[in-house]
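Coordinates in review
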Amino acid sequence: MTLDWISPAARVRNLPQYVFARLDELKTSARKQGIDLIDLGMGNPDGAAHGSVIAAAKKALDDPNIHGYPPFEGVGSFRRTVAEWYHRRYGVTLNPENEALPLMGSKEGLAHLAMAFLDPGDVVLVPNPAYPVHFRGPLIAGAEIHEMLLTAENDWVIDLSKIPEDVARRAKMLFFNYPSNPTGATAPREFYEEIVAFAHKYEIILVHDLCYAELAFDGYQPTSLLEIPGAKEIGVEFHTMSKTYNMAGWRIGFVVGNSQIIQGLRTLKTNLDYGIFAALQSAAETALNLPDSYVSEVQNRYKERRDFVIAGMAELGWNITKTKATMYLWIACPPGIGSTEFALKVLSETGVVLTPGNAFGTGGEGYVRMSLIADCDRLGEAIQRLKSAGITYDSFQ
Ligand SMILES: Cc1ncc(COP(=O)(O)O)c(C=O)c1O
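Please read these numbers as outputs of a predicted model, since none were measured by experiment. (Residues numbered from 1 in each chain as written. Predicted model: local features only at pLDDT ≥ 70, side-chain atom pairs only at ≥ 80, totals over all residues. Heavy atoms only, no water.)

1. Some thoughts on the site of the ligand
Near the ligand, the surroundings consist of 14 residues, among which Asp209, Tyr212, Thr240, Ser242 and Lys243 are the closest. Separating an oxygen atom of the ligand from a side-chain N or O atom of threonine 240 is a distance of 2.5 Å. Arginine 251 has a polar side-chain atom sitting 2.7 Å from an oxygen atom of the ligand. For the ligand, whose accessible area on its own is 400 Å², the fraction buried by protein is 93%. The site holding the ligand turns out to be the largest pocket. In the shell around the ligand, the residues fall into four nonpolar, six polar and four charged. (Near = heavy atom within 4 Å. Polar contact = N/O pair within 3.5 Å; in protein donor to acceptor, adjacent residues only side chain to side chain. Areas by Shrake-Rupley, 256 points an atom, 1.4 Å probe, with all protein chains shown as cover. 1 Å grid on protein atoms, 1.4 Å probe; cavity = no way out; pocket = protein on both sides within 12 Å on 5 of 7 lines; lining within 4 Å. Sits in = over half its atoms within 2 Å of the grid points. Nonpolar A, V, L, I, M, F, W, Y, C, P; charged D, E, K, R; others polar.)

Written out as structure tokens, the structure is:
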């Protein structure tokens, strides 16, 4: 029985359905029909965390002194490890006391940052397409979103010159994410310099999501916002342990950068949660200290999958951009069919799950996103199924 008066607040009622929740419903119904799904829909890495990370978590569990509430601001040694990692990777110096904060996954932190800093009516600049939390966090906060439309013509990089002067003046916060989910695009260092100057000029908080910090190939090294002079005065950067370290289910990430921004987020969070179980923070420390050879191995795995799929899909008529980073391929829908219709057709006729590009905003229409979260055998099977179903780039004209 559903009672009308048990009704969520407008901030929840008015949220569009979360795309992955909708996709989950469709997957469940396909499974019920006995379809063997090849799920390339979510950015959920396949496989386990490194053995030493699991061992560190087990060892920590044996310590009777860490089973209580962890410190609100995170375990000191994890914050210090983050600062050391930053220095090693980017040459950036961070004060572990107030410029690094562990999070229960970066999604949680991104959403709460919007709530900590945005009042109803505040203007926030968000790319379209974008990782959904970049616009859903501000929506929950009641902010006014100004979409920065990304286009293939501009290589999916934000064009700051397209932001109207009056909007820039009113904006309080700007979200961006390179290497990008969903497009797989990267941004040149000059773009980071431009955006830092833009944020200083218009007094805008910069929020960079560097979730795919290490999933980069062919010698490409993603830029950290904090490498740019002046960035730490106005910005923060989010990281996750989910992707490179196969720890998506462990729910741990961190934010670094401007201490005033971090303090605002921390104040909100001390009212909402008690932080991350210390055993997980201990395991995350181990992960950040894994040798570079571990990271190279992960990079090679995704690179091999990327090349395999691009070559296989080329035989079906697709010309897919060779991404320099991320675990995604951003694939143009065949002419004559939209994103949702194409993803549903592929799902119902082949059991292959792709995410429709419009799930990331209207700017993603005309594309689907494929996550490279299966081995080449399984990816080959997915391509073979498309072929058998007669689905090629030209099949809808
Ligand atoms: C760009 C981006 N940011 C954040 C996240 C969330 O990561 P976490 O597992 O740390 O919440 C994802 C996950 O797919 C992502 O793609």
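Next comes the rest of the write-up.
2. Focus: the sheet that holds strand β7 (residues 235-240)
Ordered in space as β2-β8-β7-β6-β5-β3-β4, the seven strands form an open sheet in which the pairing is mixed. The open sheet terminates on both sides in strands that have one partner only, identified here as β2 (100-103) and β4 (144-149). Recorded for the sheet is a direction-independent mean angle of 20° between the axes of neighbouring strands. Inspection of the sheet shows strand β3 (residues 123-128) paired to strand β5 (residues 171-176) by three bridges, in the parallel sense. Across the sheet, residue leucine 125 finds its bridge partner in β5, namely leucine 174. (Pairing = 2+ DSSP bridges. Helix = DSSP H or I, 4+ residues; strand = E, 2+ residues; numbered from the N terminus. Axes fitted to C-alpha atoms, helices over the stretch in contact; angles between N-to-C directions.)

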